[in-house]
Structures are given as C-alpha cells and as structure tokens.
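# Reading the structure
The lines below spell out each chain.
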Amino acid sequence: MTTSSVWDPNAANFEMQRKASFSLFSTGDPSERPMPKGSGDTHEKLWALMQSYKANDVESVQKDIVAQVEYSLACTRFSFSKEDAYRATSLAVRDRLLESFNDTNDWYREKDVKRAYYLSAEYLLGRAFQNALVNLDLEPPFKDALTGLGFELEELYPFEADPGLGNGGLGRLAACFLDSMATLSLPCWGYGIRYSYGIFKQDIVDGWQVEKPDYWLAKPVPWEIPRPDVTYPVRFGGKCEEYCDEAGAWRTRWVGGEIIQAMAYDNPIPGFDTYNTNNLRLWRALPSEEFDFQAFNEFRYSEAVDNRRKAEDLSAVLYPNDDEYEGKLLRLKQQYFFVSASLQDLLREFIKKPDRKWSELPKKVAVQMNDTHPTMAVLEMMRLLVDVQRLSWDEAWELTKKTCNYTNHTVMPEALEKWPVDMMQELLPRHLNICGEINKRFMEELTKMYGDGPKVWGLSLFQEEPFKGIRMGNIAVLGSNKINGVAALHTEIVKKETFADFYQYYLAKGEKDKFVNMTNGVTPRRWVHCANRPLSDLYTKYLGSHKWLVDMNLLKALQKKKDDPAMQKEWMAAKRQAKERLVAYLKGNNILDADPDTLFDCQFKRIHEYKRQLLNCFYIIYRYMQIKQASPSERSKFQKRPCLIGGKAAPAYQNAKTIIKLVGNIGKIV
C-alpha cells in the first residue's frame, strides 16, 4: 500500500518526477532533500558511523543472526523454528548485500559511468539465498555460524519461495544476463513487473495439467526492498490536445484518462568475486486512490475498492490469457505500465546530474529491450523527450535510435506482437500519434529509395490485414541502435527471413553492423557451483582456482587430464553423487523408484510443440515397442534408460496440455 496520488489526471507532462519529489502539504512544487555539506554538518556523525562494514567472522555472524531473530522477527529462544532461522539468516545476508549495493550505486554516480538498462517482462531469478552467499563469498562463515547455533545451512534453502516471474528461456536469459553483468562489474540495472502471482503452480489431475495460483509473496520476502518514495505516474486513456508553448512552438499534450501509480521494489543482484552489486527494479501497480469513502458510505462496498482492484490487476499475473479483447487490453496495459515507469526512472537518473545535456544521452544510457514486450519503449522515449522535456522531434528521434537496442527471440513473424489501432486509440492515444508521425516520415524516405510497392508496405509500422494494427517488431527495429538474435543460426534467420527487408534497407544505407549476434549463455555460478558442488569442486581442484567460474574457456585445460585415472575416478564419483540426489528426489516425491546405475534421459523445458517433447514421446514409444518385441536375450542388451519429461504448458495452449496428457499416459503403460 502507498499514499494517494499527487498527480492531477487533467494536467499534463508531470512525468519523470517521483512522488517523493512533491510535498503533500504544498501546492505540488518539488521539495529539496538535504545533501552532505562537508565537515560541521549535523549529520557528520551519522555518515562517519555508516563508513564501517559488518564483520564476517563466525562469532559476528552468529550475533547478527541472533539479533535478527529477536529484533526483526520478534522470536524468542523458546520458539525458534528452521523457517525462523532461514528468515533471520537471510536478513543478516541482506545487510551485507546492501552495503555492497549502496557502495556500488555511489561509485556509479561518482564516476558518471555509462549505464545499461535491461527491460524484460520476465525474470526467472531462482532462489536468492544460496546465490547471494556464494557471490559474496560468505558461504563458509555462515555455514559454520549456523552449525554452531544448531542448524545446517543446506536445510534452510528450501524455505525460500522461488519467484516465478517468468515463463521459460526468456526469463532465465534475463536473470543470467543480470548476474553476468554484475560479475563483470558492468553498470546494468534490470526493470520489470513485480507480479503478485508467479507463472502458476502446476497440478496433474487425471493426467491433465491444472493451474493453481502461485502466490510467492505469501510470506515476507527478505531480498526485496520496498521503495514507496520511488513512485511514478502512468497514464491510460484520455485525449491529446495541441497548444503553443512559451517559445511559440506547436506542441501536443496528453491529458485526462486515469493515473496508475508505479511503486518500485529493488532486488540487489550481487556479482561473483567482485565488489559490484547491481539492481533489479520491479514495479507494482497501485491505484491513485486506495478507497472511495463516498461509495462505501452509500453501501456500494465493492465500488469502494474498485480502483484498487483494477490497478492491482496490472501487476497480478504474468501473461494474462489474451484470447479475448479484455485480455489483450490488460496485456498492453502491463507492457506500457512497466516501460513508462522504467523510462521515467532511468531518464530522471540521467538528467539530475548538474549541467547535463540531453545530447549526452547515448553516451551515458543504453536501453536493451528483451523481446517485443518492452518495445513500447521506443514510442514512450519519444513522448518523454518531445512532450515532457520539449526536445525537437528530430533531436529526440536521433537520441532514441542511438539509445534503444532490441533482442529478438522469435523467428515467427506471426508471434511478433501487433496491437489493434482502435485499442491504441483507446488506451495510448498519444503513442498512436507518435507512431503515425514516425511512420509518415519513414514512408517518405522509403518511397524516395524504392518507390511505392509491397516492399515499402512490409516495412511500414502499420498493417492493414488481418486487422489494422501497429507492428511492434518493426517499431523495435526502426527505433534501435542494434538488433540481435540469441544464437548464430537464429541471427541469420532474423536477417534473411524475419526482418529481411529491414536488413536490406540498412545495408543500402551503409549500416552493415546493425544486426549482430549475441549467443545465449548461462551462469556457471548458479548452474554448476550451486547446483552441482561436487563437480564444481572437481573443476577447481584440477584447474588450481575458481577462476573458471568467470571464464569457462579455462575448462579447456581439463582436456589434458582426460586420461588421468585419478581424475576419471573423481569425475565418476561426482556424477554418481548427482544421480543419487536425483534418485532420492524422485523417491521422496513418489515419482519413481529409480536405480542410480541407469542412464537418465531428461528433458525439462516449457512444453511447446517446437520444443520437441512430442518427438521425444514418439521415440519413447518406439523404443518401448522395440523392447517388447525383443527376445529375452536381446532385451538384456538394452541400456536401462529412465525417461523424465518435465515442464509447464501455457494455460490457453491446448496442444501443449495434450502433450502433457500423452506423457502421463506413456508413463502409465511403460
């Protein structure tokens, strides 16, 4: 919950000022916050005390944990569970995380570094507890401290809720990207939505997937920092008015409609073996007015909280079902909501430096759009620069094109988002105007180059069939400095098929490096060091250090030891431990009573027709039939192979749900 809005929907161009910049007891003029003034200031003692860091020896860590138990959780020595131990320890880790977090941000401001901002509708972060301990190099002292208090560190990890703020590879890429940027000590923040519910909890009933709410916020989350002072206005609806400004320039302002508040929640992202801790800022949607007393007093109780419900719908669920118009409308509102709040925030950070000029923007800011969900950023950047900051159109367009970048994830043109023009007119009328103006100028340029015809029509930001809409993929490409695919083959398809006409257009203009490749990667810190510690320890032992965790090319040195009997023995032992953990998990969850000496054939991915789970099913059926038809002597030659398939299907994706049913049916027969 936050305070009521300070913004008047009938006013215009008040964006890029946080709510904390306004005094609720004045007429709304920005108020100043006290700043350090050197020696003799009344806060000098406070700043001096904040210069020291928390100690990380075992006894100091134990004292911190016990203090959190008593003073943060209000627990006593007589009522202190493992879950309390997890929460207290997490808060002790977070204290140390925040020291690094604050120092990093101060360093960025002092050095005035160029910053990257990653806009993504999804983040599959995974649990933060172990990752923070590993990246901060605090696992050994915390492990020993908890052992001395009668707890095992490994027993506390499962108490953390996994924030399922993503659906698949898109969200996992975003999480790995933030981890890697922090580890490389590069100044990069992520922006997204703080969904109240994760993707969903999956139940299997009679073989069919059944979705249930995943309320990951049911218990306090120690890793996020609420920022009620970092709250921005986001407008929907309304109308556009033309007027002359003080200098006599003809301008447009967007007025009316409704204002939704975007409140920030910060999630520190620590780098590995570095002092850097970056940030993932997630936005929560809140109403401009929490409660309608008049409606309540007139016994219209549901209407009294209607504004709150409508606002919170925006950040409730990742990817609402968009089979119907209302679902599409909500999805568009979600995307614009987090894009607008994020751009207001990052542009405010840029321009608040004294004597800053807007011409410096591309030298200090890079906005990376992860797929088409945040591509409204191109239009919103133009609106903020032209309408709010009153830059000329040409200057704003050049700055936008040099600042924004686009990562494409899909090669299927039909999957690139297209929003109906009438929906845009209803929800974002100013952005529709801006899109029209960009397209008008672009079409004039193309006509001079190619004349009129299908090639020009295909490059247009608008489509006429099967409905009149705007093409977000085309907007992203035209408004970006660089466009990248996520694998070499994928990037070639993007250039030669998905955006072939755009690729040729830029070649004709001499921009041969407009389309580039950035191959997807994973973070070995989480996916090897945390997930498979015996294997990680083996690598470190034979390579002589843990530097491979930041440079996996160093693993090539292990090829020289491939025939070493001692290493082979340890390798097989590490593999055996991993298989035994899997067998224990399968048995403990009543899935399968497996043999660790068998070959495990695993496929864990989002269920989708192009992910080839169906092909895998056909192979399993084929192999089963081969085994059935074989003689006993032939059957004994087959490698024992338990086949494990896991994943979720999108709620409205019936074919994927049918694949899940097929997997279950095969499991029953085999």
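Residues numbered from 1 in each chain as written. Predicted model: local features only at pLDDT ≥ 70, side-chain atom pairs only at ≥ 80, totals over all residues. Heavy atoms only, no water.

Moving on: the overall build of the protein. Across its full length, the protein holds 26 helices and 20 strands. A compact globule built from 670 residues would reach a C-alpha radius of gyration of about 26 Å, and the protein, at 28 Å, matches this within 12%. Dimensions along the principal axes, computed over C-alpha positions, put the protein at roughly 90 × 70 × 65 Å. The 670 residues of the protein split such that 48% are buried. Across the protein, the fraction of contacts at a sequence separation of at least 24, relative to all contacts at a separation of at least 6, is 72%. Taken as a whole, the protein presents about 33900 Å² of accessible surface, with 54% of it coming from carbon and sulfur. One way to put it: in the protein the 91 positive side-chain charges average out to a point 5 Å from where the 90 negative ones average out. (Helix = DSSP H or I, 4+ residues; strand = E, 2+ residues; numbered from the N terminus. Rg over C-alpha atoms; globule rule 2.2 N^0.38 Å. Buried < 20%, exposed > 50% of the residue type's maximum accessible area, 1.4 Å probe, protein only. Contact = heavy atoms within 4.5 Å. Areas by Shrake-Rupley, 256 points an atom, 1.4 Å probe, with all protein chains shown as cover. Lys, Arg positive; Asp, Glu negative; His and termini not counted. Charge placed at Lys NZ, Arg CZ, Asp CG, Glu CD.)

Now for the pattern of salt bridges. One pass over the structure, following the stated rule, counts 43 salt bridges. We note a salt bridge from K352 to E349, for which the minimum N-O separation is 3.2 Å. Taking relative accessible area as the criterion, K352 reaches 41% and is therefore assigned partly exposed. (Salt bridge = Lys/Arg side-chain N within 4 Å of Asp/Glu carboxyl O.)

Right, let's get into the packing of aromatic side chains. Per the stated rule, a full pass over the model turns up 22 aromatic pairs. On the numbers, 5.3 Å between centres and 65° between planes, the contact of F80 with F151 is edge-to-face. Separated by 71 residues along the polypeptide, F80 in the loop between α2 (58-72) and α3 (82-111) and F151 in the loop between α5 (139-148) and α6 (153-156) bring together distant segments of the chain. Measuring from centroid to centroid gives 5.4 Å for F442 and Y505, while their planes differ by 80°, and the two rings are edge-to-face. Of this pair, F442 sits in helix α16 (residues 429-450) while Y505 sits in helix α20 (residues 500-508); the two residues are 63 residues apart in sequence, bridging distant segments of the chain. The same class applies to F442 and to Y505, which are both buried. Grouped by ring-pair contacts, the aromatic residues Y406, F442, F499, F502, Y505 and Y506 constitute a single cluster. For the cation-ring pair, R253 lies above Y243, with the distance from its terminal atom to the ring centre recorded as 4.3 Å. Positioned over the ring face of F200 is K648, at 5.0 Å from the centre of the ring. (Phe/Tyr/Trp six-rings, centres within 6.5 Å; stacked < 30°, edge-to-face > 60°. Lys NZ or Arg CZ within 6 Å of the ring centre and 35° of its normal.)

Within a sheet, adjacent strands bond to each other through the backbone by hydrogen bonds, running parallel or antiparallel. Strand order in the open sheet made by the three strands is β14-β16-β15, with antiparallel pairing throughout. Each edge of the open sheet carries a strand with a single partner, namely β14 (418-420) and β15 (462-463). As judged from the three bridges shared by β14 and strand β16 (residues 469-471), these two strands associate in the antiparallel manner. If you follow K418 over to β16, its bridge partner there is R471. (Pairing = 2+ DSSP bridges.)

Further remarks concern helix α24 (residues 613-629). Each α-helix turn comprises 3.6 residues. Residues three or four places apart therefore point the same way. With 17 residues, α24 should cover 24 Å at 1.5 Å per step; its first-to-last C-alpha distance of 24 Å lies within 8% of that length. Inspection of α24 places Q613, N616, C617, I620 and R623 among the buried residues, and these make up the whole buried set. Buried residues of α24 fall within an arc of 130° about the axis and therefore sit on the same side. Among the exposed residues of α24, those pointing more than 90 degrees away from its buried face are L615, Y622 and Q629. Next to the buried residues of α24 lie β19 (601-604), β20 (643-646) and α26 (654-669). (Expected span 1.5 Å × (residues − 1). Arc of directions from axis to C-beta.)

A few words now on the nonpolar core. Soluble globular proteins: nonpolar side chains tend toward being buried together. Counting 105 residues, the largest nonpolar core has W283, F337 and F502 as its most contacted members. Counting residues in each nonpolar core, the second largest holds 25 residues, with A132, F142, L146 and L156 among its members. (Core = buried A, V, L, I, M, F, W, Y, C linked by side-chain atoms within 4.5 Å.)

This part is about unusual backbone geometry. Here E465 and P466 are connected by a cis peptide whose omega angle stands at 0°. Relative to the helices and strands, P466 is located in the loop between β15 and β16. In this model, D112 sits at a positive phi of 50°, which is unusual for a non-glycine residue. Residue placement: D112 occurs in the loop between α3 and β1 (115-119). Positive phi, close to 55°, is recorded for D273, a residue that is not glycine. Relative to the assigned elements, D273 resides in the loop between β10 (258-270) and β11 (277-287).

Moving on to the confidence of the model for the protein. With 93% of its residues at a pLDDT of at least 70, the protein reaches an overall mean of 90. For residues 21-37, every residue scores under 50 in pLDDT, and the model assigns this stretch 22 contacts once sequence neighbours within four places are set aside. (pLDDT = per-residue confidence, 0-100.)

Now for the packing of helix α13 (residues 377-388) against α16. Their axes nearest at 10 Å, the elements α13 and α16 cross at an angle of 95°. Looking at the two axes, α13 sits roughly perpendicular to α16. Counting all contacts with α13, which are made through L379, E380, M382, R383, V386 and D387, the residues of α16 involved are R430, H431, I434, C435 and I438. Residues that form the contact of α13 with α16 fall into these classes: six nonpolar, one polar and four charged. (Axes fitted to C-alpha atoms, helices over the stretch in contact; angles between N-to-C directions. Parallel < 35°, antiparallel > 145°, perpendicular 65-115°, else oblique. Nonpolar A, V, L, I, M, F, W, Y, C, P; charged D, E, K, R; others polar.)

We now examine the sheet that holds strand β13 (residues 404-407). Pairing within the open sheet is mixed, and its nine strands lie in the order β7-β10-β11-β4-β1-β12-β13-β17-β18. Here the strands that pair on one side only, and so sit at the sheet edges, are β7 (225-236) and β18 (515-517). For this sheet, the mean angle separating the axes of adjacent strands, direction not counted, is 25°. Of the pairings in the sheet, the one linking strand β17 (residues 483-485) to β18 comprises three bridges and is parallel in character. Bridge pairing in β18 links I483 to F515. Packed on one face of the sheet, α3 meets β1, β4 (188-193), β7, β10 and β11 and runs near 100° to β11. On the sheet, helix α11 (residues 325-351) packs against β1, β4, β7, β10, β11 and β12 (365-370) and is oriented at approximately 115° with respect to β7.

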